[in-house]
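Fold and geometry: a report
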Amino acid sequence: MKKTINLELKMSELIFDIQNKTYLTGRSLSDGSNNYHVANMQANDDDENESQILRSITNAYAILRNRLAEYLDSDDNSSDNNSLKTTDTLMLMLAMPSNFNPASAKTIGEAAHQFIVSTSVADWFAITAKGETNDYSLVAEASLKTLEEALCKRSRPKRGQD
């Protein structure tokens with residue numbers, strides 16, 4: 001019998017993490033002579049910023065779903081190019097093998113969050129601060145490796161009760 005793992009990623013947490021990382025990265029690069037550059041690399045709630053961040057999250061979520069496709073328990077067979085909304089919650093129901101180790105469920109959720117955030121920040125910096133994308137791209141790649149490792153965790157067999 002398959003084990004079901006439910007992942008719930010709140011858009012508000014993803015957006016806050018993206019905004020916080022862009023703010024902290026900008027602040028760390030501030031040298032007193034690059035104020036305009038630093039201000040522009042820090043994502044905020046303005047319409048044009050929000051629109052780009054939501055598009056980046058939408059793209060990252062599509063990549064994540066593709067990587068999880070083997071485990072997704074979904075009848076969704078349609079597609080469109082609508083961007084996610086700030087009020088959305090990303091829900092993923094994974095049908096895992098019966099010997100999946102559920103202790104890895106939290107790791108899967110955290111790695112999924114980190115992948116979406118890091119991919120979105122790298123995408124944001126590709127537009128606003130071209131030299132800053134590499135670190136976040138590497139974190140996104142590492143998050144996918146962590147995710148794939150967690151998906152492969154299995155429980156040790158137990159002898160049945162006679």
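This structure is a prediction, so every number in the text was calculated from the model and none was measured. (Residues numbered from 1 in each chain as written. Predicted model: local features only at pLDDT ≥ 70, side-chain atom pairs only at ≥ 80, totals over all residues. Heavy atoms only, no water.)

**Describing the overall build of the protein**
Cut-off, in case you're wondering: Note on conventions: DSSP H or I runs of at least 4 residues are helices, E runs of at least 2 residues are strands, and numbering of each starts at the N terminus. Only protein chains enter the area calculation, which uses a 1.4 Å probe; residues under 20% of their type maximum are buried, those over 50% are exposed, and those in between are partly exposed. Contacts are assigned to residue pairs with any non-hydrogen atoms lying within 4.5 Å of each other. Here the Shrake-Rupley method, with its probe set to 1.4 Å, supplies the accessible areas, and only the displayed protein chains count as covering residues.
Looking only at helices and strands, the protein has 5 helices and 2 strands in total. Mapped in sequence order, the helices and strands of the protein form the string β-α-α-α-β-α-α. Each principal axis of the C-alpha distribution contributes one length, and for the protein these read about 75 × 35 × 20 Å. Here the protein, with 162 residues, has 38% of them falling under the buried criterion. Nonlocal contacts in the protein, meaning residues at least 24 apart in sequence, comprise 80% of its contacts between residues at least 6 apart. Carbon and sulfur atoms make up 46% of the accessible area of the protein, which totals about 10,000 Å².

**Considering the packing of helix α1 (residues 11-29) against helix α4 (residues 105-128)**
The criterion, for reference: Simply put, an axis is a line fit to the C-alpha atoms, just over the touching stretch for a helix, and the angle between two N-to-C directions goes from 0 to 180 degrees. For classification purposes, angles smaller than 35 degrees are called roughly parallel, those larger than 145 roughly antiparallel, those between 65 and 115 roughly perpendicular, and all remaining angles oblique. The crossing is said to be left-handed when, going from far helix to near helix, the turn is anticlockwise and less than a right angle, and right-handed when the turn is clockwise.
Axis separation between α1 and α4 bottoms out at 9 Å; the angle between their running directions is 50°. Classified by the angle their axes make, α1 and α4 are oblique. The hand of the α1/α4 crossing is right-handed. For the pair α1 and α4, contact is made by E13, L14, D17, I18, K21, T22 and T25 and by H113, Q114, I116, V117, S120, V121, W124 and F125, respectively.

**A word on a negative patch on the surface**
Put simply, the test is: Each patch groups residues whose relative accessible area exceeds 30% and which form no salt bridge, using 9 Å between like charges and 5 Å between nonpolar side chains of Val, Leu, Ile, Met, Phe, Trp and Tyr. When a carboxyl oxygen of Asp or Glu lies within 4 Å of a side-chain nitrogen of Lys or Arg, that pair is called a salt bridge. As used throughout, the charge tally considers Lys and Arg to be positive and Asp and Glu to be negative, leaving His and the chain termini uncounted. For charged residues, the charge sits on one atom: NZ in Lys, CZ in Arg, CG in Asp, CD in Glu.
Among the surface-exposed residues, D45, D46, D47 and E48 lie close enough to one another that they form a single negatively charged patch. Residue placement: D45 occurs in the loop between α2 (35-41) and α3 (47-67). Judged by its relative accessible area of 54%, D45 is exposed.

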